[in-house]
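Here is how the chains run, residue by residue.
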Amino acid sequence: MNNIKTRFAPSPTGYLHIGGARTALFSYVYAKHFGGKFVLRIEDTDFERSTKEFEADIMDSLKWLSIMPDEDIVYQSQRLDIYKSYVDRLLKEGKAYYCFCSKELLEEDRSRLASEGKKPMYVGRCLNLKPDEIDLSKPHVIRFKVERGQGLTTGFKDLIRNQFVSFNNNEIDDFVLVREDGIPTYNFAVVIDDALMEITHIIRGDDHVSNTPKQIMLYGALGFKIPEFAHVSMILGQDGKRLSKRHGATSVNQYKKEGFLPEALVNYLIRLGWSHGNDEIFSMDEIIRYFDLKNISKSAAIFNIEKLLWLNSHYIKSKDPFDIINLLNDIKASSEKPLINDIQTVSLIDSLKSRVKTLAEFRQKLNFFINEELGYKAELLSEFNFNEGDLFFLQEFKTFIGSLPDTIFNYKGGLNDKTGIINFIKNSIESIKQEFNNFLSRNNWTMKEKAMIIRLALTGERVSPPIFEIIFALGKIRCIKRVTEFYEFINL
RNA sequence: GGCCCCAUAGUCUAGCGGUUAGGACGUUGCCCUCUCACGGCAGUAACACGGGUUCGAAUCCCGUUGGGGCUGCCA
């Protein structure tokens, strides 16, 4: 199969959400798998609700996920004359007709049919208007004339279900092609564009299956080649209901802000509905290599943040500390100081990366390092009941820190020598560990009994990376300062 | 209501007529251990129900139930 072309066609009436991102991803990797093209079309014919902000959000989010179009972006709002020429043709060929029914009248018809237990459809009032009844100066829409008749059906083979889905034509309304304001509707514009853009495979959400027969009729009426269709099931919230704001973060950008990595989101999204044996971890290249519509699940999937978090922590762990510093600086608040690429920061980042699930959490765990003042919490006093022995220990510990050779902390190599930096850190921490163990055994103390007070003194927290790594990251001066402060804190 | 789609553990899924129903997240226990993680090991938990077809069904067919979508001059 060659010359595959897929598209993602969002309407800028909302942020790019998880579901949209997944269909975009499916479309993108499907095209790439076959060496084809992926394109983007902005369906901005709803002037009421479309905004430039949403459009920018969608573009930024797709870019962040590395889903890039191969051609210039197409805007439906700039193609109005094209749609007009095609509707004129349908009108001339008697495949479409003017309708002057008011919205109120249609609403009446619909509610009456509904109350009779019938399907609320257009009753065809304007189907056979005489020429003198057509006054185009009056408000009107243009409707498609659906062919009806004994057992006439319209269907298509869905590539994901791998079966035909067909609809009785009698079920299909004479849907509106062009609105009162002259703007084409979705079902009309989408067909013109997909045909003209030579889209071969339409991969979209499940919510479009019932639009498909309408579109297929249009392809037929216009003499266009009918593309392949693949309808991906929806993503639902934890409660099994359609994903919405009440399920928390649903926009891609929100996940970015909360410190998720794009590779984690891509990996999560691709596995939500698609599988390749028992594999779980996929890079974009691997996804493209293995992706196939046949392996997409037919059933709806529930969005599960736990698994996304697991993947995110996996990708955080696999990054080197230098990259993580950049990532943290990318998402930092403007009021926060950026992290510096120095050896202390690198060492702490490296130690912390296996202890966090998001970048936001990462930043949080860095607080004791970033902030100069710790502000020990009063509750620690009652919880730990420090005594004279502890005060004595702190004094001794302070002396110990002071005695550590400066060479342990001072890196002389180049800052671009990543391996050198990592090795230096590793050796330094090992040295601190040995010195500290000597210090303990000299005094007949054990690690277990002294670790917590050091941790509290140096970080103000009950939980932290290992002591030696903290000592290295903080350095002698800051350690001594904190031990002194903590001494005063518990001595009050 | 009508039409369409779907159905393996709490969640994502493998399976494509014969398996002790596999993996992953979560969860539980143990190990590691200076706390917390990471890592390692072990455990937990599923074929919605009822009929067929077949020597044999999670797998094929039909119902039932449940869920989702659509039913707009939104996309």
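Residues numbered from 1 in each chain as written. Chains lettered and ligands numbered in written order. Predicted model: local features only at pLDDT ≥ 70, side-chain atom pairs only at ≥ 80, totals over all residues. Heavy atoms only, no water.

1. Some remarks on the overall build of chain A
Phase 1 of the analysis: When you go through chain A residue by residue, the secondary structure sums to 19 helices and 12 strands.
Phase 2 of the analysis: In terms of overall dimensions, chain A is more spread out than a globule: its C-alpha atoms have a radius of gyration of 32 Å, far above the 23 Å expected for 492 residues.
Phase 3 of the analysis: In terms of overall dimensions, chain A has a C-alpha envelope of 105 × 45 × 35 Å along the principal axes.
Phase 4 of the analysis: Taken over 492 residues, chain A has a buried fraction of 48%.
Phase 5 of the analysis: Within chain A, contacts between residues at least 6 apart in sequence are counted, and of these 77% link residues at least 24 apart.
Phase 6 of the analysis: Summing over all exposed atoms, chain A offers an accessible surface of approximately 24,400 Å²; the carbon and sulfur share of this is 50%. (Helix = DSSP H or I, 4+ residues; strand = E, 2+ residues; numbered from the N terminus. Rg over C-alpha atoms; globule rule 2.2 N^0.38 Å. Buried < 20%, exposed > 50% of the residue type's maximum accessible area, 1.4 Å probe, protein only. Contact = heavy atoms within 4.5 Å. Areas by Shrake-Rupley, 256 points an atom, 1.4 Å probe, with all protein chains shown as cover.)

2. Examining the nonpolar core
Phase 1 of the analysis: With 110 residues, the main nonpolar core has Phe291, Phe362, Phe397, Ile471 and Phe486 as its most contacted residues.
Phase 2 of the analysis: When residues in this core are grouped by element, the largest group, 12 residues, is from helix H19 (residues 467–491).
Phase 3 of the analysis: Split by domain, this core shows at least three residues from each of two domains, domain 1 (1–75 + 233–318) and domain 3 (321–490).
Phase 4 of the analysis: For Phe486, the contacting residues outside a window of four places in its chain are Tyr376, Phe386, Leu394, Ile453, Leu456 and Ala457. (Core = buried A, V, L, I, M, F, W, Y, C linked by side-chain atoms within 4.5 Å. Domains from an automatic or database assignment.)

3. Quick word on the packing of helix H16 (residues 388–403) against H19
Phase 1 of the analysis: As a packed pair, H16 and H19 sit with axes 10 Å apart at the nearest point and diverge in direction by 155°. Of the possible angle classes, the one that applies to H16 and H19 is roughly antiparallel. Crossing angle aside, the handedness with which H16 passes H19 is left-handed. Taken together, the residues of H19 that come into contact with H16 (itself represented by Asp390, Leu391, Leu394, Gln395, Phe397, Lys398, Ile401 and Gly402) are Ile471, Lys476, Cys479, Ile480, Val483, Thr484, Phe486, Tyr487, Ile490 and Asn491. (Axes fitted to C-alpha atoms, helices over the stretch in contact; angles between N-to-C directions. Parallel < 35°, antiparallel > 145°, perpendicular 65-115°, else oblique. Left-handed = near helix turned anticlockwise from the far one by under 90°.)

4. Description of the protein's contact with RNA strand B
Phase 1 of the analysis: As a structural note, the neighbourhood of RNA strand B is formed by 63 residues, with Arg179, Asn278, Ser354, Arg355 and Ser464 the closest of them.
Phase 2 of the analysis: Of what RNA strand B places within 4 Å of the protein, 69% of the atoms are sugar or phosphate.
Phase 3 of the analysis: Backbone polar atom of Cys101 to a base nitrogen of RNA strand B: 3.4 Å apart, as the coordinates give it.
Phase 4 of the analysis: Between RNA strand B and Asn211 there is a distance of 3.0 Å, counted from a base nitrogen to a side-chain nitrogen or oxygen.
Phase 5 of the analysis: Tallying contributions element by element places helix H18 (residues 447–459) first for the surface near RNA strand B, with 5 residues.
Phase 6 of the analysis: Per-class residue counts for the surface near RNA strand B are 21 nonpolar, 18 polar and 24 charged. (Near = heavy atom within 4 Å. Polar contact = N/O pair within 3.5 Å; in protein donor to acceptor, adjacent residues only side chain to side chain. Nonpolar A, V, L, I, M, F, W, Y, C, P; charged D, E, K, R; others polar.)

5. Some details on the side chain of Arg7
Phase 1 of the analysis: Assignment of secondary structure puts Arg7 in strand E1 (residues 5–8).
Phase 2 of the analysis: Given a relative accessible area of 4%, Arg7 falls into the buried group.
Phase 3 of the analysis: Polar side-chain contacts of Arg7 include one of 2.7 Å to the side chain of Asp194.
Phase 4 of the analysis: Sequence-distant contacts of Arg7, that is, excluding residues within four places in its chain, are made with Ser27, Phe38, Val39, Arg41, Val190, Asp194, Ile199, His201, Ile202, Ile203 and Arg204.

6. Things to note about the pattern of salt bridges
Phase 1 of the analysis: Throughout the structure, instances matching the rule amount to 37 salt bridges.
Phase 2 of the analysis: The partner of Lys307 in a salt bridge is Glu280, with the nearest N and O atoms 3.0 Å apart. Of this pair, Lys307 sits in helix H10 (residues 305–317) while Glu280 sits in the loop between helix H8 (262–271) and helix H9 (284–290), and the two are 27 residues apart along the sequence.
Phase 3 of the analysis: Looking at Glu280, the relative accessible area reads 26%, which means it is partly exposed.
Phase 4 of the analysis: With its nearest N and O atoms 3.6 Å apart, the salt bridge here joins Lys481 to Glu373. (Salt bridge = Lys/Arg side-chain N within 4 Å of Asp/Glu carboxyl O.)

7. So, helix H1 (residues 18–33)
Phase 1 of the analysis: Between the first and last C-alpha of H1 there are 22 Å, a value that for 16 residues agrees with the 22 Å anticipated at 1.5 Å per step.
Phase 2 of the analysis: With its phi angle positive at about 70°, Gly35 sits one or two positions after the end of H1. (Expected span 1.5 Å × (residues − 1).)

8. Quick word on the packing of helix H5 (residues 186–196) against helix H6 (residues 212–222)
Phase 1 of the analysis: Across the interface, H5 lies against H6 with an axial gap of 9 Å and an inter-helix angle of 55°. Taken together, the axis directions place H5 and H6 in an arrangement best described as oblique. Where H5 crosses over H6, the two elements pack in a sense that is right-handed. Contact with H5, carried on its side by Tyr186, Asn187, Phe188, Val190, Val191, Ile192, Asp194 and Ala195, involves Lys214, Gln215, Leu218, Tyr219 and Leu222 of H6 and no other residues of that element.
Phase 2 of the analysis: By residue class, the composition of the contact of H5 with H6 is 9 nonpolar, 2 polar and 2 charged.

9. As for the confidence of the model for chain A
Phase 1 of the analysis: Of all residues in chain A, 100% have pLDDT values of 70 or greater, and the mean over the chain is 95.
Phase 2 of the analysis: Under the prediction, the complex receives an ipTM of 0.96, its pTM being 0.95. (pLDDT = per-residue confidence, 0-100.)

10. Examining the domain arrangement of chain A
Phase 1 of the analysis: By domain assignment, chain A separates into domain 1 (1–75 + 233–318), domain 2 (80–178) and domain 3 (321–490).
Phase 2 of the analysis: Taken together, the 11 residues of domain 1 in the interface contact 11 residues of domain 3.
Phase 3 of the analysis: A buried area of about 860 Å², summed over both sides, lies between domain 1 and domain 3, and 71% of it is on carbon and sulfur atoms.
Phase 4 of the analysis: When the buried area of domain 1 at its contact with domain 3 is split by residue, Leu309, Ile316 and Lys317 rank highest and sum to 50% of it.
Phase 5 of the analysis: At the junction of domain 1 with domain 3, the criterion picks out 0 salt bridges. (Buried area = accessible area lost by both parts, 1.4 Å probe.)

11. Points about the sheet that holds strand E5 (residues 141–144)
Phase 1 of the analysis: In spatial order, the strands read E4-E5-E8; together these 3 strands make up an open sheet with antiparallel pairing. One side of each edge strand has no neighbouring strand; the edge strands of this open sheet are strand E4 (96–99) and strand E8 (176–178). Neighbouring strand axes in the sheet, compared pairwise and without regard to direction, differ in orientation by 45° on average.
Phase 2 of the analysis: Bridging between E5 and E8 involves 2 bridges; their strand directions are antiparallel. Of the residues in E8, the one forming a bridge with Arg143 is Val176. (Pairing = 2+ DSSP bridges.)

12. Observations concerning the pairing of strand E7 (residues 163–168)
Phase 1 of the analysis: Taken together, the 6 bridges between strand E6 (residues 153–158) and E7 define a ladder with antiparallel strand orientation. Across the sheet, Asp158 pairs through a bridge with Gln163, a residue of E7.
Phase 2 of the analysis: Hairpin connection of E6 to E7: 4 residues between the antiparallel strands, including Asn162 at a positive phi of 55°.

13. Let's talk about H19
Phase 1 of the analysis: Here H19 is 25 residues long, yet its end C-alpha atoms lie only 23 Å apart, well below the 36 Å a rise of 1.5 Å per residue gives.
Phase 2 of the analysis: Along H19, the sharpest kink reaches roughly 105°, centred on Gly475. (Bend = angle between axes of the 7 residues up to and from the residue.)

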